Amino acid sequence: MNPLKRIKTLAISNCKSLLYSSSSSSHHFQNPSSPSKSHLYSSFFCTLIQTFLSCYRFTQALNSFLFMRSLGLNPTVHQWNHLLFRFNASGLVSEVPNVYSELIKCHQSSNLFARNVLIHAFCKMRMLDMALEVARDGEADVVSYNTVIWGFCDNGMVTSAVGFLSEMFKRGVGMNTISCNTLLKGLCDEGMLDESESLMNMFVCWGIGRDIVGFNTLLSGHCKLKAMDEAMGLVESMKGEGISPDVVTYNTLFHGFCRVGELDKAEGLMDVEKDGFGPNAITYTTFIGGYCKRKQLDKACLFYKEMVTSGILPDVVTYSALINGLCKSGQLLKGYSLFRRMEKMGITANHVSYSTIIDTLFKSGKPRELSIIQGEMVVRGIILDLVSHTILLDGLFKTGMVDEAEKVFKHISSLQFKPNHFTYTALIDGRCKAEDLKGAELALSEMQNRSICRTVVTYSSIICGYVRNGMLDMAVDIMNKMKDEHVFPNIVTYCTLMDGFFKMGKLEEALDLYEEMLKEGIDANKFIVDVLYNGLRKNGSMKKAETILRYMLEKGLPLDCVNYTSLMDGLFKQGKIEDAFKLELLMKNLVPDVIFYNVFINCHCLLGESGQAKSIFYEMKNMGLSPDNATYNILISAHCKEKKLDEALELFHEMNSTGLMPNAINYNTLVGGLSQHGNLTKAVDLLNEMAVAGFCPSPSTHRKVLLACSNLKRADSILQLHEQMVQMGLRPDRAVYNALIHVLCTLGMTQKATVVFKEMLGKGIAGDTMTFNALILGHCRSGHLDKAFDTYSQMLLVGVTPNIATYNSLLGGLSAAGRMEEVDRLLHEMQNKGLAPDGITYNILVSGHAKISDKKKSVLFYCEMVRNGFVPTIGTYNVLISNFANVGMMTPAKELLNELQKRGLSPNSSTYDILISGWSRLSNETEVKRLLKEMGEKGFVPAASTNRSIARFFARPGKKKQAQKLLSKMYNVKDG
DNA sequence: ATAGGGTTAG
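Residues numbered from 1 in each chain as written. Chains lettered and ligands numbered in written order. Predicted model: local features only at pLDDT ≥ 70, side-chain atom pairs only at ≥ 80, totals over all residues. Heavy atoms only, no water.

**Regarding the environment of Val 684**
At step 1: Assignment of secondary structure puts Val 684 in helix α40 (residues 680-693).
At step 2: Since its relative accessible area comes to 21%, Val 684 is described here as partly exposed.
At step 3: Separated by 61 residues in the primary sequence, Val 684 and Met 623 place their C-alpha atoms 37 Å from one another. (Helix = DSSP H or I, 4+ residues; strand = E, 2+ residues; numbered from the N terminus. Buried < 20%, exposed > 50% of the residue type's maximum accessible area, 1.4 Å probe, protein only.)

**With respect to the protein's contact with DNA strand B**
At step 1: In the vicinity of DNA strand B lie 57 residues, with Asn 116, Asn 216, Asn 251, Lys 363 and Thr 455 positioned nearest.
At step 2: For DNA strand B, the backbone portion of the atoms within 4 Å of the protein, that is sugar and phosphate, comes to 43%.
At step 3: A distance of 3.3 Å separates a sugar or linking oxygen of DNA strand B from a polar atom in the side chain of Thr 182.
At step 4: Broken down by element, the surface near DNA strand B gets its largest block of residues, six residues, from helix α19 (residues 316-328).
At step 5: Here the residues of the surface near DNA strand B sort into 18 nonpolar, 25 polar and 14 charged. (Near = heavy atom within 4 Å. Polar contact = N/O pair within 3.5 Å; in protein donor to acceptor, adjacent residues only side chain to side chain. Nonpolar A, V, L, I, M, F, W, Y, C, P; charged D, E, K, R; others polar.)

**Quick notes on the nonpolar core**
At step 1: The biggest cluster of nonpolar side chains holds 289 residues, and the ones touching the most others in it are Phe 87, Leu 497, Phe 502, Ile 601, Leu 670 and Ile 741.
At step 2: Setting aside anything within four residues of it in sequence, one finds Leu 497 in contact with Ile 463, Val 467, Leu 472, Ala 475, Val 476, Met 479 and Leu 513. (Core = buried A, V, L, I, M, F, W, Y, C linked by side-chain atoms within 4.5 Å. Contact = heavy atoms within 4.5 Å.)

**Structural notes on the pattern of salt bridges**
At step 1: Evaluation of the coordinates by the stated rule reveals 39 salt bridges.
At step 2: In this structure, Arg 454 and Glu 485 form a salt bridge, with 3.2 Å as the shortest nitrogen-oxygen distance. Of this pair, Arg 454 sits in the loop between α26 (437-449) and α27 (456-468) while Glu 485 sits in the loop between α28 (472-484) and α29 (491-503), and the two are 31 residues apart along the sequence.
At step 3: Taking relative accessible area as the criterion, Arg 454 reaches 16% and is therefore assigned buried.
At step 4: The salt bridge involving Lys 894 is made with Glu 927; its shortest N-O contact spans 3.8 Å. (Salt bridge = Lys/Arg side-chain N within 4 Å of Asp/Glu carboxyl O.)

**Focus on the packing of α27 against α29**
At step 1: Across the interface, α27 lies against α29 with an axial gap of 9 Å and an inter-helix angle of 10 degrees. It follows that α27 is roughly parallel to α29 by the angle criterion. Counted together, Val 456, Ser 460, Ile 463, Cys 464 and Val 467 of α27 and Thr 493, Thr 496, Leu 497 and Gly 500 of α29 form the full contact between these two elements.
At step 2: Looking at the contact of α27 with α29, its residues break down into five nonpolar, four polar and no charged. (Axes fitted to C-alpha atoms, helices over the stretch in contact; angles between N-to-C directions. Parallel < 35°, antiparallel > 145°, perpendicular 65-115°, else oblique.)

**Some points on the confidence of the model for chain A**
At step 1: The predicted model of chain A averages 87 in pLDDT, with 94% of residues at 70 or higher.
At step 2: Every residue in residues 1-32 is under pLDDT 50, and counting partners more than four places away or in other chains gives 27 contacts. (pLDDT = per-residue confidence, 0-100.)

**Description of the packing of aromatic side chains**
At step 1: As enumerated under the stated definition, the model contains 29 aromatic pairs in all.
At step 2: Between Phe 596 and Tyr 597, the ring centres sit 6.2 Å apart and the planes meet at 85 degrees, which makes this aromatic pair edge-to-face. Across the pair, exposure class does not vary: Phe 596 and Tyr 597 are buried alike.
At step 3: Both rings, one in Phe 757 and one in Phe 772, keep their centres 5.5 Å apart while their planes meet at 75 degrees; by these two values the pair is edge-to-face. In this pair, Phe 757 is assigned in helix α44 (residues 750-762) and Phe 772 in helix α45 (residues 769-781), connecting sequence segments 15 residues apart.
At step 4: An aromatic cluster is present here, built from Tyr 250, Phe 254, Phe 277, Phe 287, Tyr 291 and Phe 303 joined pairwise through their rings. (Phe/Tyr/Trp six-rings, centres within 6.5 Å; stacked < 30°, edge-to-face > 60°.)

And the structure:
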């Protein structure tokens, strides 16, 4: 039985016997009959409490203490002091003041030891005022003051700490080496190396010599600043003073070399010196940790083996380092099983081991395992430190649990912790990713106010936040600010900003940054290559993109799957399909991931090869890769575009059945696709499902759904569906209102459109050109020209600039009403505003004048139109031709027919009708027969009016019937 | 009881 269990069993049986023994209960214990028995009980309780404390069973420890007090047991001063010490050392620091006051209740005499522990506890809780009060207000010795000095140093208040030396002198409390060494550490922690050396000299003057601990502290200070030459120099001067380096000295040096990545130097030193100093567990752990951080697990394992064969037992720190190494190199399972094996070996996991596992679980997205581990940690009563809390904060933000993360931050501040730059950086990064830029800015200024240093990661995080929100100016401001503070941008900073500039289409700025980065001596890595390649190609500089990529490949920069994915996308979209395929073969060395396959599938979809895309989809599944939401979305979207709606739906159901929950994008794609291709019923069903799932339609989906209503003449559904989509969370912005107004107007529902327009204005959203255009078009289509012109005037009045579409609507409306004089006037107005007619305008002008039989003007505009490079529609040609054909001018009609064919247009059914009627008018049987034949060959059927013309002009008395017979034989025309 | 070295976070 292990000691804990034994004591527990003992405790329970003792408590039971105490509580339920024959005679009258609690009274008996409050006044224990024999003093020796009382002594026995209290010493028993003290042991029990201390055992609980050493196993971090804080609740039980506290309950036992309270129970002991309630029984009126009174331990000796020695026992009390020891208890106090254990409370302070175990982590249950917050109870120290209470235990101390209980102690004072029992033993009023002065107790310097207890006071010093109390000072220490107050220091740990950052209650420096209280600590100082205890030290000043009564008996104090060098330990009391050293502890206070330590407390102030530990809170970054070195200057105040140095100040206590004179107070000690005044009170006649002698200083010792520990006073010196404590201050040394405080100064070193602030990077004040010069000051710490002067302090050391000062103490020497006072007759307090420097010792190995002081030297080691100084050495550690140099190592933390990565000043390894100075560190080595210090070891030499130490030897010069007759102090030989010890295991701590070497461990400090090894760690220093590990930190600067010179593990070989550390190892060399170890090989030469190890017989002299005797490596211990910390020595080996330093190397194991160093190699794990560099992901050289094989080397780490070698050290582990050497450690074990040397008979040095690995401890929880050693295992935590190894677990971290495994987890960080992607071997989560191995890391976790080592975590469990360590426990079986009797080494209890501490907050670091747990934090490592929790960090990994957060980052690899394993929520179930995460909650199990967290539960276990709570049950074991493991106390989290600032780092553990930061891990939680970061993990919660990264998994989108913003509120929980903010709670953790509040919790950190409410505990005795002072958030450091890691905490604040995680907070800033998290708030940026949650699009809370104001919050991020607030955190940054809080850091400044609290004088917490901002690192390159801090600034890069907020730069990333600005970039993601398109606020490049702010991002650049931060970049300048950091440079002013001598925090220099690193490759991540440059990468983020370059990416931002490229995404905003600001190619030059991005390339300038690249130049700057190279000038700063930072070499491009695979991330930079990806940003450059994608940025350049997506901004139309394919050649430059390829040049840079080729250069990087020649330089031997190892590219990864992500780079190849971009490359494949680039080659495909350039039409270099063969090369892209070759690339896929090249990839055989690298393992393609889901995203690579997604791009590959998408490329085939872009070529309209959904069949090919699907077979790659199967290949991917055979490779053991699970398609994700994006994979399905690419396929669903492609099938929708090819109007294969059933297959698209099938894919959607397949996704559901494999347990992949559809996301907002999936729903939007499918609802949009179904709407665009006429299946409004299914689209609406899905929209309802989407609402239940809590997703919001995109503005584009909104537009597609409404357009479908309009195309299917389902006017009644438009407003209702619009309302529904707004209920689902669609923000009714200007674009959304424009879509709604446009759809209502195309259906001629201008009154409803006007109501919507007013609602929009009521919400403070002003109409833009699109809004007014939709309304004007609506009024024109429904023949309310006056309203159309009222709207136009209103548009000009509120300062919205009309564009060519505005005028085309108005011109079209006037033209349809035959008001050609006004057309000409408006045309001039338009041209005066610097707007040139486009193809649509010309079609309106040509056909408008033709319709009122103004042959001269219509031909004039026709010539101008053609001269300006616009091709009239077949409809315009028809109006123009009929203008001539109707009055028997068949020569120009014929010429126009030739012209339209020269321009790549083909006559349609109406063209033939017009021409046949024209020739009939002239009784030209040959032409009529020829055209009828040609028309028939093209599968056109003459209109009833054409047949009547033929009949009218060809029918001589008695032959009308014959003509009709002929016609019906040729075309199966029932009636003439 | 107070001072130096190893593991975790952005």
